[in-house]
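Each chain is listed here by its residues.
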Amino acid sequence: MGGVLPPAERRSSALVAVYVILSLLLLMVGERLPQASLRGIGAFMFAPFDRVVMVMDRVGAAWVENQELHERLTALSLENAVLRRSGEENRELREELGLPGYRNPTLRPVEILSLTGEPTPAAATLSAGSKAGLHLGDVVVTSAGLVGRISELYATQSRAALLSDPSVSVACEVESTGVLGVVRFTLSPRPALMLTSVPYADTVRVGQRVLTSGMSRRYPRGIAVGRVVKVGQDPDGLTQSVVLEPAARFTRLRHVFVIPGPAGAEGQP
Amino acid sequence: MKGLGALATALIAVLLLRSTALANLAAQGIVIDVLAFATVAWALRRGAGWGATFGFALGLFADLDTAHWLGRHALILSLLGYVVGRLSGTLVQESPRTQFVLLVVATAAHLTWTAAFELGGFHAWQVMAMRVLTGSVATAFLGALVLSIIRRLGGRTILGHADLQSGKTI
């Protein structure tokens, strides 16, 4: 056969014969070779290329995410414009009706030094006190919602009673329906945040949000307090037993905001 | 030297493609056999010697990725490279139909050989047959399409032997 084929084909035939023999040898004795080391060398050689591919993959993902964020930004900008117009309209209508207007509260960031109470924290020590302009009764919130109010005040620190303290009560309303009630934490029959004093005739549904009503002097209106998770009937049959899921997670507090209340409002409900 | 550089670049590109984009596709059940495609394309362009060398080198690197059977890919791909390289002198290589048939046969041979190792015999032949069939057709269709697009974009033949008269050998 060697004499029949041209030289180039003889070379390629010899070459493939070598490759076949090598492959068969590898198939037979390959298990005995240090494959881990060989793979390590391969991984080392390909590491720079893998890195380039990974960077390209990330750039691609960032590009897609950027487009999505642009779309979201545009949608939010349009929604914001509508809300601003609605807000302006609302302000004018309230003026015409002689109702007090909403104010944007001043937020003062404060660090949580410690939480006390088991299993649910009932009080928190804050890193600011009267020297920072805090007052007794000031409202404590997070971006999620209401946390509690300042119950003890010192020069550089203060103590806040959380919503999970049974002695704290907040005048609230159910969003959109305006059903009024008082939120307080009860320990029996099991620990839960409850919306109490809700007349039996009022309709409350699971999933509705509960906000501060502004009926008490300290808590500005519209702060999220929780969401209705269960609606039942009190044993007396006159009011409803509404269980809430708190808007703020009391066990994960690290930083909060204090909304300074009006001077001389200490001890007000 | 230029040939070796091109071979190394093609090897890296194929192996990276196999371990990134095509691995994601394979996870969704779409097997594109880029090893067989690259070996066939290389052998069509460079002939039997380079085809066998490319197939062997590509197969060896692919074998290093797997846990067992060093030499499994290397054996079949070097043989495929050689056979396709030998045929390249007698085929109308720029014909999409020729490329499609070559890719179907080469991919089927490669997938059957490797699947026999992975499945540990022919007892799961139905799974293997389905995998070989879908993989061969998908690879051949996509491969012929890629070669056709490259040829149209480049405006010239990409498979060097196509300039030769049919039936003539080097």
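Definitions and cut-offs
- Residues numbered from 1 in each chain as written.
- Chains lettered and ligands numbered in written order.
- Predicted model: local features only at pLDDT ≥ 70, side-chain atom pairs only at ≥ 80, totals over all residues.
- Heavy atoms only, no water.
- Helix = DSSP H or I, 4+ residues; strand = E, 2+ residues; numbered from the N terminus.
- Phe/Tyr/Trp six-rings, centres within 6.5 Å; stacked < 30°, edge-to-face > 60°.
- Buried < 20%, exposed > 50% of the residue type's maximum accessible area, 1.4 Å probe, protein only.
- Contact = heavy atoms within 4.5 Å.
- Buried area = accessible area lost by both parts, 1.4 Å probe.
- Salt bridge = Lys/Arg side-chain N within 4 Å of Asp/Glu carboxyl O.
- Polar contact = N/O pair within 3.5 Å; in protein donor to acceptor, adjacent residues only side chain to side chain.
- Pairing = 2+ DSSP bridges.
- pLDDT = per-residue confidence, 0-100.
- Axes fitted to C-alpha atoms, helices over the stretch in contact; angles between N-to-C directions.
- Core = buried A, V, L, I, M, F, W, Y, C linked by side-chain atoms within 4.5 Å.

Caption draft 1: Structural detail: unusual backbone geometry. All names here are of chain A. At Ser176, a residue that is not glycine, the phi angle is positive and equals roughly 75 degrees. Considering the arrangement of structural elements, one finds Ser176 in the loop between β6 (169-174) and β7 (180-186). Within the chain, Ser197 stands out as a residue other than glycine whose phi angle is a positive 60 degrees.

Caption draft 2: How the structure looks around the packing of aromatic side chains. Enumeration according to the criterion identifies two aromatic pairs over all chains in this entry. Ring geometry for Tyr19(A) against Phe56(B): centres 4.6 Å apart, planes inclined by 10 degrees, an arrangement best described as stacked. Taken together, the residues Tyr19(A) in helix α1 (residues 7-29) and Phe56(B) in helix α4 (residues 48-65) connect one chain to another. A relative accessible area of 11% means that Phe56(B) is categorised as buried.

Caption draft 3: A look at the interface of chain B and chain A. Taken together, the 30 residues of chain B in the interface contact 26 residues of chain A. Carbon and sulfur atoms supply 72% of the area that chain B and chain A bury against each other, a total of about 2300 Å² over both sides. One can count zero salt bridges joining chain B with chain A. Viewed at the interface, chain A and chain B are joined by four residue pairs in polar contact (both at pLDDT 80 or more).

Caption draft 4: Molecular detail of the pairing of strand β4 (residues 146-153) of chain A. All names here are of chain A. Across three bridges, strand β3 (residues 139-141) lies against β4 in antiparallel orientation. Note on β4: the bridge partner recorded for Val141 is Leu146. Between β3 and β4, which pair antiparallel one after the other, the connecting turn spans four residues. With five bridges connecting them, β4 and strand β5 (residues 158-162) associate as antiparallel partners. By the bridge assignment for β5, Leu153 is matched with Ser158. Adjacent in sequence and paired antiparallel, β4 and β5 are bridged by four residues.

Caption draft 5: Focus on the confidence of the model for chain B. Residue and element names in this part refer to chain B. Here chain B averages 81 in pLDDT, while 84% of its residues score no lower than 70. Across chain B, the secondary-structure element scoring lowest on mean pLDDT is helix α2 (residues 21-27), at 76, and the one scoring highest is helix α5 (residues 72-87), at 91. Counted against residues more than four places away or in other chains, residues 161-170, with its pLDDT under 50, gives 22 contacts. For this predicted complex, the interface confidence score (ipTM) comes to 0.79, while the overall pTM stands at 0.52.

Caption draft 6: Main features of the sheet that holds β5(A). Within the closed barrel, the six strands sit side by side as β1-β2-β5-β4-β3-β12 (chain A). Their pairing is antiparallel. When strand polarity is set aside, the average angle formed by the axes of neighbouring strands in this sheet is 40 degrees.

Caption draft 7: Inspection of the pairing of strand β12 (residues 255-259) of chain A at higher detail. Residue and element names in this part refer to chain A. One ladder, built from four bridges, connects strand β1 (residues 108-116) with β12; its direction is antiparallel. Residue pairing for β12: Glu111 is matched across the bridge by His255. Alignment of β3 against β12, held across three bridges, turns out to be antiparallel. Its bridge partner lying in β12, Val139 is registered against Ile259.

Caption draft 8: Region of the structure containing the sheet that holds strand β9 (residues 209-212) of chain A. Read once around its circumference, the closed barrel built from six strands follows the order β6-β7-β8-β11-β10-β9 (chain A), with strand pairing classed as antiparallel. Going across the sheet, the axis of each strand differs from the next one's by a mean of 45 degrees, ignoring polarity.

Caption draft 9: Spotlight on the nonpolar core. Residues Leu126(A), Leu146(A) and Leu195(A) are the most contacted members of the largest nonpolar core, which totals 40 residues. Residues in contact with Leu126(A), not counting those within four places in the same chain, are Val110(A), Glu111(A), Ile112(A), Leu113(A), Val140(A), Ile150(A), Gln157(A), Ser158(A), Ala160(A), Val256(A) and Val258(A). With 29 residues, the next largest nonpolar core counts Leu15(B), Leu35(B), Phe37(B) and Leu44(B) among its residues.

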